[in-house]
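Report on the structure
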There are 2 protein chains.
Amino acid sequence: MSDPFRALADESRRLLLDRLFAENGQSLVKLCDGLAMSRQAVSKHLAILEAANLIAVRKSGREKRHYLNPVPLAKIVRRWIGKFEDVRLVALLDTEAKPPIKRPSAPSRRRRLPASVR
Amino acid sequence: MSDPFRALADESRRLLLDRLFAENGQSLVKLCDGLAMSRQAVSKHLAILEAANLIAVRKSGREKRHYLNPVPLAKIVRRWIGKFEDVRLVALLDTEAKPPIKRPSAPSRRRRLPASVR
DNA sequence: TTGACAGGCAACCTTATGATTGCCTAATCG
DNA sequence: CGATTAGGCAATCATAAGGTTGCCTGTCAA
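Bear in mind the structure is a predicted one, so any value in this text is a computation, not a measurement.

With respect to spatial proximity, 25 residues lie near DNA strand C, and among them A:Ser38, A:Lys44, A:His45, B:Val29 and B:Lys64 are the closest. By atom count, sugar and phosphate contribute 60% of the portion of DNA strand C lying within 4 Å of the protein. Within the side chain of A:Gln40, one N or O atom sits 3.3 Å away from a base oxygen of DNA strand C. Between DNA strand C and B:Lys64, the relevant distance is 2.8 Å, taken from a phosphate oxygen to a side-chain nitrogen or oxygen of the residue. Only α2 (11-22) and α4 (39-51) of chain A together with α3 (28-32), α4 (39-51) and β2 (63-68) of chain B provide two or more residues apiece to the surface near DNA strand C.

This paragraph deals with the sheet that holds strand β1 (residues 26-27) of chain A. Strand pairing in a sheet relies on backbone hydrogen bonds. The paired strands run either parallel or antiparallel. Residues and elements named next belong to chain A. If you trace the 3 strands from one edge of the open sheet to the other, you get β1-β3-β2, paired in antiparallel fashion. Each edge of the open sheet is held by one strand with a lone partner, namely β1 and β2 (55-60). In terms of strand pairing, β1 meets strand β3 (residues 63-68) through 2 bridges, oriented antiparallel. Considered in β3, the bridge of Gln26 is made with His66. Packing against the sheet, α2 makes contact with β1, β2 and β3, and its axis sits at approximately 90° to β3. Taken strand by strand, α4 contacts β2 and β3, and its axis lies near 120° from that of β2.

Moving on, we get to the protein's contact with DNA strand D. A:Val29, A:Arg62, B:Ser38, B:Lys44 and B:His45 are the nearest of the 25 residues found near DNA strand D. Of what DNA strand D places within 4 Å of the protein, 55% of the atoms are sugar or phosphate. Between B:Arg6 and DNA strand D, the recorded distance is 3.1 Å, taken from a side-chain N or O atom to a phosphate oxygen. Interatomic distance of 2.9 Å between a side-chain N/O atom of B:Arg13 and a phosphate oxygen of DNA strand D. Sorting the residues of the surface near DNA strand D by element identifies α3 (28-32), α4 and β3 of chain A together with α2 (11-22) and α4 of chain B as the ones contributing at least two each. Sorting elements by how many residues they give to the surface near DNA strand D places α4(B) first, with 5 residues. Within the surface near DNA strand D, the residues separate by chemical class into 6 nonpolar, 8 polar and 11 charged.

Scoring rules and cut-offs
Per chain, the residues get numbers from 1 upward, laid out in the order the sequence is written. Ligands are numbered from 1 and chains lettered from A, in the order in which they are written. Residues qualify for local features only when their pLDDT is at least 70, as the model is predicted, and side-chain atom pairs are given and counted only at 80 or more; totals for whole chains, interfaces and linings, by contrast, use all residues. Heavy atoms throughout the structure, all of them, feed into the side-chain values; hydrogens and water do not. Note on definitions. A residue lies near a molecule or strand when any single heavy atom of the residue is within 4 Å of it. In the analysis that follows, any N or O atom pair within 3.5 Å is treated as a polar contact, provided that within protein one partner can donate a hydrogen and the other can accept it, and provided that, for residues neighboring in sequence, both atoms belong to side chains. Working definition: helices are DSSP H or I runs of at least four residues, strands are E runs of at least two. Numbering for both runs from the N terminus. One bridge is not enough; two strands pair if DSSP finds at least two bridges between them. We call two residues in contact when some of their heavy atoms are within 4.5 Å. Axis definition: a line fitted to C-alpha atoms, over the contacting stretch in the case of helices. Angles run 0 to 180 degrees between N-to-C directions. Under the convention adopted here, Pro, Cys and the residues Ala, Val, Leu, Ile, Met, Phe, Trp and Tyr are nonpolar, Asp, Glu, Lys and Arg are charged, and Gly plus all remaining residues are polar.

Now the structure itself:
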């Protein structure tokens, strides 16, 4: 799999990216440092990030150094920025156009609680 | 849960956002139109998007209209754009600073393929 | 008022996904 | 050399996530 969105979905992976943003080119064990996770877990996360093309790796002796790849992030970001600008306009226009429809009547607002609420 | 990253991780949800980008304020059934998914599935996806604050809903009679909320997207985007700009520099500097370590020696470059490549 | 329509709730199922453990290979250093 | 260190691979496990089905509530229009 290689979906950058999916790769970004996990907090641990975002944290790993954060660490690489702080210091690029770190090895696996260094990236593990201080994390409450096994080395294998981190390794898998890095593999997913690599598959999503968010990081690149280079072997250096027995170490594997990890480097950020800004390109796909930039792609995502540009795509959603475009959307964002568009929708900001749309949302604005839409809100203005609509006569708020402020609740046709206000009688049966209360609904039985779904038993799983708190 | 309300993690916008996780909300964006699913292709179906991104598609729903696309549809709302194309036409804001659509109802549930309208959003279902043409999708190979049950109404309940779509409903769940919309709930996740709403929990992540990526869309807002307004009841209008028996319909529920869905509106994009650009703010959290913008937040994400800004955060990662900042990172992106930073890392572009870092990556550049890093590449230049390193005397590429071009393979300490060039013998064992070929590695057995991991069976899952392609 | 009755039936069609929009939507919600809950139970259930299947498969991803995140994580662990145990063992193996390959560099590095004393 | 032998011990240590960096990392990989495979099996295994528990839970989350996406999806479905069945049934219920509320709104609208003829």
